[in-house]
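Commentary on secondary and tertiary structure
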Amino acid sequence: MKQEYPILEFDRTPEAMLEPSRLIRPMDISPHAVVCFFQDVITTLIHKHQARVIHNLSSEIGAHPIYEVEIEQRKLTVFHPGIGAPLSAALLEEVIALGCNKFIACGGAGVLDSSLAVGHVVVPTAAIRDEGVSYHYLPPGREVLAHPEGVQAIEAVLQKHHCAYVLGKTWTTDAIYRETPQKVQLRRQEGCITVEMEAAAFFAVSQFRNVQFAQLLYGGDDVGSEQWDGRDWTRQTSVREKLFWLAAEACLAL
Ligand SMILES: O=P(O)(O)O[C@H]1O[C@H](CO)[C@@H](O)[C@H]1O
Ligand SMILES: O=c1cc[nH]c(=O)[nH]1
């Protein structure tokens, strides 16, 4: 099994020492789950849409609440996955063990091409595996695909609402402060339009666990120009809320 670099030492053994399905008891939960990166939107769901905490996962950070919200008489699970591949992949594992198996995530991402406007909707069809987590779930490779049925469900909802979007590849990195101009150019050459920190890990975990998972992103800060431009991307309240409701509709259609 030994390779020159530890990250390439993929082990196919299905069972690990800590097996979520043995450590976590399944609960009565909607299998449809929106993975929501927007804490502001979750707060709105609590105050305006009676989202309630049905379970708390926990880590050294504290509680990671799992919410349930009712949308047109259907129950939807919602949770914030934390930031970065390791934490978000571990929380996804735990939510799968609780009983969810149809996931749509909504989040933001940096854009590699400045012409992609802030707030523009992006649907990643694949992610470049420039993070570590996916190498523990799938053999080494450059890319991992989003679940095609998840992507289809998202596209159907976007088209129904006449919402403009682009399909594309996203670059998943572990090191937000090491997105150098040369790396940006390389990723752009291989077809990436966005950069974020979780998609490749989500897609890999969900393939390994045989659950459906796709993601909605919106164009955020700009890393495609000479100088970084924040573009006020975390304050795009209306886009973030819109993205959540689109994700919820796509998720419930799975
Ligand atoms: O808005 P979210 O989805 O959190 O997205 C991006 O922003 C965070 C980094 O600031 C990472 O999570 C990255 O994926
Ligand atoms: O990972 C990320 C997320 C947002 N913006 C970036 O530049 N990188």
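The chain appears in an unreviewed UniProt entry as Uridine phosphorylase from Dictyobacter alpinus. What UniProt states about the chain under its Catalytic activity (unreviewed entry) heading is, verbatim, "uridine + phosphate = alpha-D-ribose 1-phosphate + uracil".

**Remarks on the layout of surface pockets**
In this model, the largest pocket occupies a volume close to 750 Å³. In this structure, the largest pocket is lined by 32 residues; those nearest its centre are I176, E179, D221, V223 and W228. Elements represented by at least two residues in the lining of the largest pocket include exactly β5 (102-111), α5 (181-189), β9 (192-196) and β10 (212-222). Classifying every residue of the lining of the largest pocket gives 14 nonpolar, 11 polar and seven charged.

**Looking at the state of the cysteines**
According to the stated counting rule, one finds zero disulfides in the structure shown. The thiol sulfur of C106 is not disulfide-bonded, and the nearest other cysteine sulfur, from C36, lies at 4.0 Å.

**Some details on the site of ligand 2**
Close to ligand 2 lie G110, I176, E179, V195, E196, M197, D221, V223 and W233. Contact distances for ligand 2 include 3.5 Å between a nitrogen atom and a backbone N or O atom of G110. Interatomic distance of 2.8 Å between a side-chain N/O atom of D221 and a nitrogen atom of ligand 2. For ligand 2, whose free accessible area comes to 240 Å², the fraction covered by protein is 94%. Among the cavities detected, the one that contains ligand 2 is the largest pocket. Along the lines of polarity and charge, the residues of the shell around ligand 2 split into five nonpolar, one polar and three charged.

Calculation criteria
Residues numbered from 1 in each chain as written. Chains lettered and ligands numbered in written order. Predicted model: local features only at pLDDT ≥ 70, side-chain atom pairs only at ≥ 80, totals over all residues. Heavy atoms only, no water. UniProt positions renumbered as here; feature names shortened; annotations may be inferred. 1 Å grid on protein atoms, 1.4 Å probe; cavity = no way out; pocket = protein on both sides within 12 Å on 5 of 7 lines; lining within 4 Å. Points joined across faces, edges and corners; volume = space filled by probe spheres on them. Helix = DSSP H or I, 4+ residues; strand = E, 2+ residues; numbered from the N terminus. Nonpolar A, V, L, I, M, F, W, Y, C, P; charged D, E, K, R; others polar. Disulfide = S-S within 2.5 Å. Near = heavy atom within 4 Å. Polar contact = N/O pair within 3.5 Å; in protein donor to acceptor, adjacent residues only side chain to side chain. Areas by Shrake-Rupley, 256 points an atom, 1.4 Å probe, with all protein chains shown as cover. Sits in = over half its atoms within 2 Å of the grid points.

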